[in-house]
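For reference, the chains in residue letters:
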Amino acid sequence: MKLVFFGAPGAGKGTIAKILFDEKKIVHISTGDLFREAIKNMTELGQKVSSILEKGELVPDELTIALVEERTKKPDCAKGYILDGFPRTMVQAERWEEIDPIDTAVYFDIDDELVRKRLSGRRMCPKCGAIYNIFFSQPKKEGLCDNDGETLFIRKDDGLETINNRLSVYHGQTEPLLGFYKNLNKEIAIDASVSADESYKQIKGKLGL
Ligand code: AMP
């Protein structure tokens, strides 16, 4: 099963994709994670994209498409994958339909105010990737991961100015994907303003998993 998760930043795409991986072993590919990993490891790609991510802008299409193509060719993707945060532009979406057509695009429907709260409150574990929120889902001990006790961090692009920029990039460049996938009859929508468990139930129901 080849899935695309799209919707505003902070809609819970990554969280749900992680649950789907844990429960159904569907490989989770997050372009944001791949870029952050490259930045952390100071690779050539990381150096190219670091300032783009910090500002909340988009990495050029060709670079992004090539990265996803390389990743999906790995043997663990033979039975499918979830693309989380890709495609994000019409060029990427159209191109990907030529490269490896997807089965279903899941649209995470959420309003901007909730996104701002989710992103500005988000805290992440550098070791296991667990995601917390100081407003909605605090760790048991403040600032520390429940799984491994690591000190949680705030993503560089979760500052308010960058959040607003990411939202306007989202509305301008990514929202049109809704019409694109609707026309292809590949789109399903879920209410992403509810808890991760609730969103997950909706997705499972709609995908018949
Ligand atoms: P995310 O973790 O999905 O919010 O992505 C973090 C950042 O990575 C975005 O703000 C962009 O700068 C970059 N990025 C992730 N996915 C894409 C994509 N499909 N196209 C262009 N840039 C991307």
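1. Details of the packing of helix H1 (residues 13–24) against helix H9 (residues 196–207)
Contact geometry of H1 with H9 gives a least axis separation of 10 Å together with a crossing angle of 60°. By the angle between their directions, the pair H1 and H9 is classed as oblique. For the pair H1 and H9, the crossing hand works out as right-handed. Two secondary-structure elements touch here, H1 through Thr15, Ile16, Ile19, Leu20, Glu23 and Lys24 and H9 through Ala196, Ser199, Tyr200, Ile203 and Lys204. In terms of residue class, the contact of H1 with H9 is made up of 6 nonpolar, 2 polar and 3 charged.

2. A closer look at the environment of tyrosine 132
Among the secondary structure elements, tyrosine 132 is positioned in strand E6 (residues 131–133). Through-space distance from the C-alpha of tyrosine 132 to that of proline 87 is 25 Å; in sequence the pair is 45 residues apart.

3. Side note on helix H7 (residues 160–174)
With 15 residues, H7 extends 20 Å between its outermost C-alpha atoms, agreeing within 8% with the 21 Å of an ideal straight helix rising 1.5 Å per residue. Turning to H7, the residues buried within the fold contact strand E1 (2–7), helix H3 (44–55), strand E4 (104–109), helix H6 (112–120), strand E5 (122–124) and helix H8 (177–183).

4. Remarks on the sheet that holds E4
Taking strand neighbours across the sheet as the criterion, the 5 strands line up as E2-E3-E1-E4-E7 in an open arrangement whose pairing is parallel. Each edge of the open sheet carries a strand with a single partner, namely strand E2 (28–30) and strand E7 (187–191). Between one strand axis and the next, the sheet turns through 25° on average, direction left out of account. As defined by bridge partners, E2 adjoins strand E3 (residues 81–84) across 3 bridges and the pair is classed as parallel. Within E3, the position partnered with serine 30 by the bridge is aspartate 84. Docked against the sheet, H9 engages E1, E4 and E7, running at close to 155° with respect to E7.

5. Focus on the pairing of E1
Most of E1 sits out of view: 5 of its 6 residues are buried. As paired strands, E1 and E3 are joined by 4 bridges and run parallel to one another. Bridged to phenylalanine 5 within E3 is aspartate 84.

6. Considering the pattern of salt bridges
Counted under the stated rule, the structure contains 13 salt bridges. Residue glutamate 54 pairs with lysine 156 through a salt bridge whose shortest N-O separation is 3.5 Å. Of this pair, glutamate 54 sits in helix H3 while lysine 156 sits in the loop between E6 and H7, and the two are 102 residues apart along the sequence. With a closest N to O distance of 2.7 Å, lysine 186 and glutamate 97 form a salt bridge. Taken together, the positions of lysine 186 in the loop between H8 and E7 and glutamate 97 in helix H5 (residues 90–99) put the pair 89 residues apart, joining distant regions of the chain.

7. Considerations on the site of the ligand
Taken together, 16 residues lie around the ligand, and Thr31, Arg36, Glu57, Gly85 and Gln92 are the ones closest in. Separating an oxygen atom of the ligand from a side-chain N or O atom of arginine 36 is a distance of 2.9 Å. Taking glutamine 92, its side chain carries an N or O atom lying 2.9 Å from a nitrogen atom of the ligand. Coverage of the ligand by the protein amounts to 96% of the 480 Å² it exposes when considered alone. Split by residue class, the shell around the ligand holds 5 nonpolar, 5 polar and 6 charged.

8. So, the nonpolar core
Counting residues in hydrophobic clusters, the biggest one holds 43 residues, and the most contacted among them are Phe5, Phe6, Leu83, Phe108, Tyr181 and Ile203. If you look at the next biggest cluster of nonpolar residues, it comprises 8 residues, including Phe35, Ala38, Leu45 and Val49.

9. Some details on the side chain of threonine 89
If you trace the backbone, threonine 89 turns up in the loop between E3 and H5. With residues up to four places along the chain from it excluded, the contact list for threonine 89 reads Leu58, Asp61, Gln173 and Leu177.

Parameters and conventions
Residues numbered from 1 in each chain as written. Predicted model: local features only at pLDDT ≥ 70, side-chain atom pairs only at ≥ 80, totals over all residues. Heavy atoms only, no water. Axes fitted to C-alpha atoms, helices over the stretch in contact; angles between N-to-C directions. Helix = DSSP H or I, 4+ residues; strand = E, 2+ residues; numbered from the N terminus. Parallel < 35°, antiparallel > 145°, perpendicular 65-115°, else oblique. Left-handed = near helix turned anticlockwise from the far one by under 90°. Contact = heavy atoms within 4.5 Å. Nonpolar A, V, L, I, M, F, W, Y, C, P; charged D, E, K, R; others polar. Expected span 1.5 Å × (residues − 1). Pairing = 2+ DSSP bridges. Buried < 20%, exposed > 50% of the residue type's maximum accessible area, 1.4 Å probe, protein only. Salt bridge = Lys/Arg side-chain N within 4 Å of Asp/Glu carboxyl O. Near = heavy atom within 4 Å. Polar contact = N/O pair within 3.5 Å; in protein donor to acceptor, adjacent residues only side chain to side chain. Areas by Shrake-Rupley, 256 points an atom, 1.4 Å probe, with all protein chains shown as cover. Core = buried A, V, L, I, M, F, W, Y, C linked by side-chain atoms within 4.5 Å.

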